[in-house]
Amino acid sequence: MYIARAASSSRSALFSFRSYFPSSSSLRSPPVSSHLLLRRSFLTSLPRLSHCLHSKSFQIRLGSQIRAVSPVLDRLQRTFSSMASEHPFKGIFTTLPKPGGGEFGKFYSLPALNDPRIDKLPYSIRILLESAIRNCDNFQVTKEDVEKIIDWENTAPKQVEIPFKPARVLLQDFTGVPAVVDLACMRDAMNKLGSDSSKINPLVPVDLVIDHSVQVDVARSENAVQANMELEFQRNKERFAFLKWGSTAFQNMLVVPPGSGIVHQVNLEYLGRVVFNTQGLLYPDSVVGTDSHTTMIDGLGVAGWGVGGIEAEATMLGQPMSMVLPGVVGFNLSGKLRNGVTATDLVLTVTQILRKHGVVGKFVEFYGDGMSELSLADRATIANMSPEYGATMGFFPVDHVTLQYLKLTGRSDETVAMIEAYLRANNMFVDYSEPQQERVYSSYLELNLDSVEPCISGPKRPHDRVPLKEMKADWHSCLDSKVGFKGFAIPKEAQEKVAKFSFNGQPAELKHGSVVIAAITSCTNTSNPSVMLGAALVAKKACELGLQVKPWTKTSLAPGSGVVTKYLLKSGLQKYLNQQGFNIVGYGCTTCIGNSGEIDESVGAAITENDIVAAAVLSGNRNFEGRVHPLTRANYLASPPLVVAYALAGTVDIDFETEPIGKDKNGKDVFLRDIWPTTEEIAQVVQSSVLPDMFRATYESITKGNPMWNQLSVPENTLYSWDPKSTYVHEPPYFKDMTMDPPGPSSVKDAYCLLNLGDSITTDHISPAGSIHKDSPAAKFLLERGVDRKDFNSYGSRRGNDEIMARGTFANIRLVNKLLNGEVGPKTVHIPTGEKLSVFDAAMKYKAAGEATIILAGAEYGSGSSRDWAAKGPMLQGVKAVISKSFERIHRSNLVGMGIIPLCFKSGEDAESLGLTGKERYTIHLPTDISEIRPGQDVTVTTDTGKSFTCTVRFDTEVELAYFNHGGILPYVIRNLSRQ
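Note that the coordinates shown come from a computational prediction; the quantities given were computed from them, not determined experimentally.

What to know about the overall build of the protein chain
Then comes step 1: Check the secondary structure of the protein chain and you find 36 helices and 36 strands.
Then comes step 2: Here the C-alpha radius of gyration of the protein chain, 27 Å, is about what a compact globule of 980 residues would show, namely 30 Å.
Then comes step 3: Its C-alpha atoms give the protein chain principal-axis dimensions of roughly 80 × 70 × 55 Å.
Then comes step 4: Here the protein chain holds 980 residues, and the buried ones make up 64% of them.
Then comes step 5: Carbon together with sulfur atoms contributes 50% to the accessible area of the protein chain, which is approximately 33600 Å² in total.

What to know about the packing of helix H13 (residues 343-357) against helix H14 (residues 376-384)
Then comes step 1: Where H13 contacts H14, the axes come no closer than 9 Å and their chain directions differ by 35 degrees. Crossing hand, H13 versus H14: right-handed. Counted together, Ala 343, Leu 346, Val 347 and Val 350 of H13 and Asp 378, Thr 381 and Ile 382 of H14 form the full contact between these two elements.
Then comes step 2: For the contact of H13 with H14, the per-class residue count stands at five nonpolar, one polar and one charged.

Thoughts on the packing of aromatic side chains
Then comes step 1: Throughout the structure, instances matching the rule amount to 27 aromatic pairs.
Then comes step 2: Ring centres of Tyr 646 and Phe 656 lie 4.8 Å apart, and the angle between their planes is 55 degrees; on these two criteria the pair is classed as tilted. With Tyr 646 in helix H24 (residues 640-649) and Phe 656 in the loop between H24 and strand S26 (662-663), this residue pair connects regions lying ten residues apart in the sequence. Judged on exposure class, the residue Tyr 646 and its partner Phe 656 are both buried.
Then comes step 3: Connected via pairs of aromatic rings, a cluster forms that spans Phe 242, Trp 245, Phe 250, Tyr 720 and Trp 722.
Then comes step 4: Stacked on the ring of Tyr 367, the Lys or Arg Arg 439 has its end atom at 5.9 Å from the ring centre.

Let's talk about the pairing of strand S3 (residues 93-97)
Then comes step 1: In this structure, S3 lies alongside strand S4 (residues 103-108), joined through five bridges in antiparallel fashion. For Phe 93, the partnering residue across the bridge sits in S4 and is Tyr 108.
Then comes step 2: Where S3 hands over to S4, the hairpin turn is made up of five residues, of which Gly 101 adopts a positive phi near 110 degrees.

Points about the side chain of Ser 527
Then comes step 1: With respect to the helices, strands and loops of the structure, Ser 527 is situated in the loop between helix H19 (523-526) and helix H20 (529-545).
Then comes step 2: Those residues in contact with Ser 527, other than ones at most four positions away along the chain, are Gln 265, Leu 268, Met 296 and Ala 377.

Comments concerning the nonpolar core
Then comes step 1: Grouped together as the largest cluster of nonpolar side chains are 239 residues, with contacts concentrated most on Leu 128, Trp 305, Phe 656, Ile 661 and Tyr 861.
Then comes step 2: The element that contributes the greatest number of residues to this core is helix H9 (residues 173-192), accounting for eleven residues.
Then comes step 3: Listed in part, the 46 residues of the second largest apolar core include Leu 346, Leu 354, Ile 612 and Leu 637.

Brief notes about the sheet that holds strand S7 (residues 206-209)
Then comes step 1: The strand order across the open sheet formed by five strands is S8-S7-S6-S11-S12, and the pairing between neighbours is parallel. Single-partner strands in this sheet number two, and they are strand S8 (253-256) and strand S12 (303-306). Within the sheet, the average angular offset between the axes of one strand and its neighbour, ignoring direction, is 20 degrees.
Then comes step 2: Relative to strand S11 (residues 286-289), strand S6 (residues 168-172) runs parallel, the two being bridged by three bridges. Across the sheet, residue Arg 168 finds its bridge partner in S11, namely Val 287.
Then comes step 3: With respect to the sheet, H9 is in contact with S6, S7 and S8, its orientation differing from that of S6 by roughly 115 degrees.

Thoughts on the sheet that holds strand S31 (residues 853-856)
Pairing between the strands of a sheet is mediated by backbone hydrogen bonds and can be parallel or antiparallel.
Then comes step 1: An order of S28-S31-S32-S33-S36-S35-S34 is seen for the seven strands of this closed barrel, with the pairing classed as mixed. Each strand of the sheet is rotated relative to its neighbour by a mean of 40 degrees, with strand direction disregarded.
Then comes step 2: When strand S28 (residues 748-756) meets strand S34 (residues 921-925), the two strands line up antiparallel, connected through three bridges. Residue pairing for S34: Val 748 is matched across the bridge by Ile 924.
Then comes step 3: Running at roughly 170 degrees to S28, helix H32 (residues 839-848) makes contact with S28 and S31 of the sheet.

Quick notes on the pairing of strand S32 (residues 879-884)
Then comes step 1: Most of S32 is tucked away: five of the six residues are buried.
Then comes step 2: Note that S31 and S32 share four bridges and pair parallel. In the strand pairing of S32, Leu 856 is matched with Ile 883.

Re the state of the cysteines
Then comes step 1: Under the definition given, this model contains zero disulfides.
Then comes step 2: This cysteine, Cys 904, is not joined by any disulfide, and Cys 951 carries the nearest cysteine sulfur, 7.9 Å off.

Thoughts on the pattern of salt bridges
Then comes step 1: Overall, the coordinates contain 45 salt bridges when judged by the stated rule.
Then comes step 2: Across the salt bridge formed by Glu 509 and Lys 500, the nearest N and O atoms sit 3.1 Å from each other.
Then comes step 3: With a closest N to O distance of 2.9 Å, Lys 836 and Glu 823 form a salt bridge. A residue pair is termed long-range when its members are at least 10 positions apart, and Lys 836 in strand S30 (residues 835-838) and Glu 823 in the loop between helix H31 (802-808) and strand S29 (827-830) qualify at 13 residues.
Then comes step 4: Using a relative accessible area of 45% as the deciding quantity, one classes Lys 836 as partly exposed.
Then comes step 5: Note on Glu 823: relative accessible area 33%, which makes it partly exposed.
Then comes step 6: Three or more residues joined by partner-sharing salt bridges are found here, namely Asp 115, Arg 117, Glu 147 and Asp 151.

Observations concerning empty space enclosed by the protein
Then comes step 1: The full count for this structure, using the stated rule, is eight cavities of 30 Å³ or more.
Then comes step 2: Here the largest cavity is characterised by a volume of approximately 180 Å³.
Then comes step 3: In terms of lining, the largest cavity is formed by 23 residues, of which the most central are His 212, Asp 291, Ile 593, Arg 627 and Ser 865.
Then comes step 4: Among the secondary structure elements, those contributing two or more residues to the lining of the largest cavity are H9 and helix H11 (263-271).

A word on the environment of Glu 130
Then comes step 1: By secondary structure assignment, the location of Glu 130 is in helix H6 (residues 123-134).
Then comes step 2: Setting aside residues no more than four positions away along its own chain, Glu 130 makes contact with Leu 110, Leu 282, Tyr 283, Pro 284, Tyr 422, Asn 426 and Met 428.

Quick notes on helix H17 (residues 413-425)
Then comes step 1: Compared with the 18 Å implied by 1.5 Å per residue over 13 residues, the 18 Å span of H17 between its first and last C-alpha is a close match.
Then comes step 2: Among all positions in H17, only Thr 415, Val 416, Met 418, Ile 419, Tyr 422 and Leu 423 are buried. Buried residues of H17, seen end-on, are gathered within an arc of 160 degrees and therefore sit on one face of the element. Exposed and facing more than 90 degrees away from the buried side of H17 are Asp 413 and Glu 414.

Re unusual backbone geometry
Then comes step 1: Residue Gly 458 is joined to Pro 459 through a cis peptide bond whose omega torsion reads 10 degrees.
Then comes step 2: Residue placement: Pro 459 occurs in the loop between strand S18 (455-457) and strand S19 (465-467).
Then comes step 3: The residue Asp 750 is not glycine, and still its phi comes out positive at about 50 degrees.
Then comes step 4: Structurally, the position occupied by Asp 750 is in strand S28.

Thoughts on the environment of Ala 848
Then comes step 1: Mapped onto the fold, Ala 848 is located in helix H32.
Then comes step 2: Along the chain, Ala 848 and Gly 878 lie 30 residues apart, while their C-alpha atoms are 10.0 Å from each other.

Topic: the packing of H9 against helix H36 (residues 969-979)
Then comes step 1: Put simply, H9 and H36 touch, their axes get as near as 11 Å, and they point 45 degrees apart. On the basis of their axis angle, the class for H9 and H36 is oblique. Considering how the two elements wind past one another, H9 and H36 form a crossing that is right-handed. The segment H9 lies against H36, with Asp 182, Met 186, Ala 189 and Met 190 engaging Leu 970, Val 973, Ile 974, Leu 977 and Ser 978.

A look at helix H12 (residues 309-316)
Then comes step 1: Judged by how many residues are buried, H12 sits mostly within the fold: eight of eight residues are covered.
Then comes step 2: Restricting attention to buried positions, one finds in H12 the residues Gly 309, Ile 310, Glu 311, Ala 312, Glu 313, Ala 314, Thr 315 and Met 316.
Then comes step 3: Phi turns positive one or two residues past the end of H12, at Gly 318, with a value near 90 degrees.

Rules and cut-offs
- Residues numbered from 1 in each chain as written.
- Predicted model: local features only at pLDDT ≥ 70, side-chain atom pairs only at ≥ 80, totals over all residues.
- Heavy atoms only, no water.
- Helix = DSSP H or I, 4+ residues; strand = E, 2+ residues; numbered from the N terminus.
- Rg over C-alpha atoms; globule rule 2.2 N^0.38 Å.
- Buried < 20%, exposed > 50% of the residue type's maximum accessible area, 1.4 Å probe, protein only.
- Areas by Shrake-Rupley, 256 points an atom, 1.4 Å probe, with all protein chains shown as cover.
- Axes fitted to C-alpha atoms, helices over the stretch in contact; angles between N-to-C directions.
- Left-handed = near helix turned anticlockwise from the far one by under 90°.
- Contact = heavy atoms within 4.5 Å.
- Nonpolar A, V, L, I, M, F, W, Y, C, P; charged D, E, K, R; others polar.
- Phe/Tyr/Trp six-rings, centres within 6.5 Å; stacked < 30°, edge-to-face > 60°.
- Lys NZ or Arg CZ within 6 Å of the ring centre and 35° of its normal.
- Pairing = 2+ DSSP bridges.
- Core = buried A, V, L, I, M, F, W, Y, C linked by side-chain atoms within 4.5 Å.
- Disulfide = S-S within 2.5 Å.
- Salt bridge = Lys/Arg side-chain N within 4 Å of Asp/Glu carboxyl O.
- 1 Å grid on protein atoms, 1.4 Å probe; cavity = no way out; pocket = protein on both sides within 12 Å on 5 of 7 lines; lining within 4 Å.
- Points joined across faces, edges and corners; volume = space filled by probe spheres on them.
- Expected span 1.5 Å × (residues − 1).
- Arc of directions from axis to C-beta.
- Parallel < 35°, antiparallel > 145°, perpendicular 65-115°, else oblique.

Rendered as structure tokens:
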């Protein structure tokens, strides 16, 4: 066994690299798969070392550690040799030679199958095929599964189920803390069942990047980064220490500390392998992550998508993911973007097209002549927003552009040569200089890049794209329209209201549409040098003309990695962003996930006292109501250059074509076109300012950690010592009184309706990530335990405490519950008494009386971020089923994972059309014997008022039925591991 540690302390390792060699007791699994566990545990324990830390000292240190375990490696090498002879596809296991002699390694060759169907497969499906072949043991993955994937053209329309084993798992801290809490709790459960708790260990590499905790407390200051990090550590010291404990207590887990960057940008620039070369075995990189924007890595040609935290935990523990073999939409891109049009404009356009086409549960694969006109960063921007257009992946196969990016970001020439050689040999590389083999897709779309025009999206959903030239008219339409996704219902006579107030002793004013938050934030855009340097050029031209952002607009810049700072400084442009208030505030997710911090009290008072519809403009990917900030009812997604432009204008109520953005030093009107850089200007700055050494230096430095992280002390025991007084980390009750026998399906009889909801209820509505409202049940809980209001932190930061998160479930102040007859807020009606209570208090009242509850909902229930607490919270509140028109993919899976029944109304029906008010009691006539339930079967639901209707049970696979039978995915895994 080896561990590479930071020099500062043997137990305060920044990265805990551990090779996992399971004991014989941990390998007591079915005969065919036991050797596979050994192989997988070893093969997935080293890959980050083959790609990453380029420093010579690290390589020397690592070399001595590997030599120390060479006898074990020798034994394993012999094991691999014997395994190859037993493998069902041993006939296609072949060598990949190096051009100058020797070999890169061995791999399973798709061309060696000599099956013409493979040549027509989309590249994304070929990755699933290779994984199935490599992991085929005729137990967890069978030859029949391999045949299903090869015959994708015929099997995908039939919604067949396949197993998939990703190469690694990616976490961020909001989702990572509850994942590590669950793993620690599972160890305790294994102990109580008399089994070996050490079986609870990741068997695939787990990368956890702490990026979701930094808030914009301090802005417009040269000292903002340090000040915000100090506050971040003050608030989150306990959480960070817990994660640091996890990195040492669990094998195969890497933790990247706070202040390093945004998880998806770090994944793109550093963690992404593209091809693993693990002790001579070559295979494609693939990843599932507990953040829905894990899809950003698809732009690098790595198959990756978001899953629920619960599903990710099962993947870590060696369970194959069960998935429906997806259809693939082929998206042909041609032409090139016009001068001045950004990648953000393109992705918002693509998002609208794909939402209209309908791509939920599908892969989207991009191809065509236009690919050569898109940089890797542009591709990553499009891939990042896959959740917004609804696809599982937005995939860009590897080509020469990918290889150039790998070199730019500091990957070695030898590694890039290996990647290219492997992908070419396995027919996974696209060479647009050669004739293209025609591939088959489930459906086809096309877009001429020349047709894309500048745009933004909002005010409440990412796919509500508005062309920039129509923005003013659209804004006034929103003011006029009834409350909804595109409406605020402001009376005509109130639309011109001016709220005058004093800001730091200066006269100030707000109107409807005034921009009070302008944030360059989020992995979507901060990984793209062209839009980041474009924003800096807008700031430079504005400074030179004498334009200035209003002081009451909260401006911020939160780069996704330290590389951004390096190239902004080298270009000489950071100073202009600083002059406009866009000082760097930290390296992590900020405004995009609701960590925007407080706005000035005088601004907040002006908004609330005058009922102003204030606006936020951000370069993010999410703008759902109540997410960015409680006081910004209008939230628009825009490119970084447009964020600066709207900050300068001070309002979204502007037509940039005909109205000036401000006046120059001489009183002359300045229009957007006067400060907008050309494509050539941006390209020149990118060419001279973005250099490979910046990436190498940035990622070598994070291996050293930072003083605050390195000083955290953590216990050495492998079982966690729970502190019952902790308000951050608490032992959850999931496995209380658990036995080895599965409980079986639980019936739902005479359940009350906890909530009656409409369409597009997001995970932000169900389980907020942002601030804890002072009057909420969670706030009451914290105050009772002596936590001052200033130390509440966010819901996202407290996801390691089930008692707070259960109270935070359905605590969004913008929640619209039909039981309240139009009243907006986190309350409901307790049906038996008619009392209006907080959702949590009502749920506890039902639980105390032994009454089950259900939720009624509309379309797209659970859309937004993949958030396991949006399933855990309702389960802890006693919810047994959710009946909706449709579900977001990951959220439906999470509900199943927590033992909640997802049901869909029949097409054309919903609660309203069936005359359901939510005041009825509901019985779901589901068989109590799991063998009598089939994926996707119909069940009857009846009410105490005599109504009866049919729903489809959304257990989509046999594996999901097994999870339901066990009361959820985690009890299923514990029982399985205990029996091994």
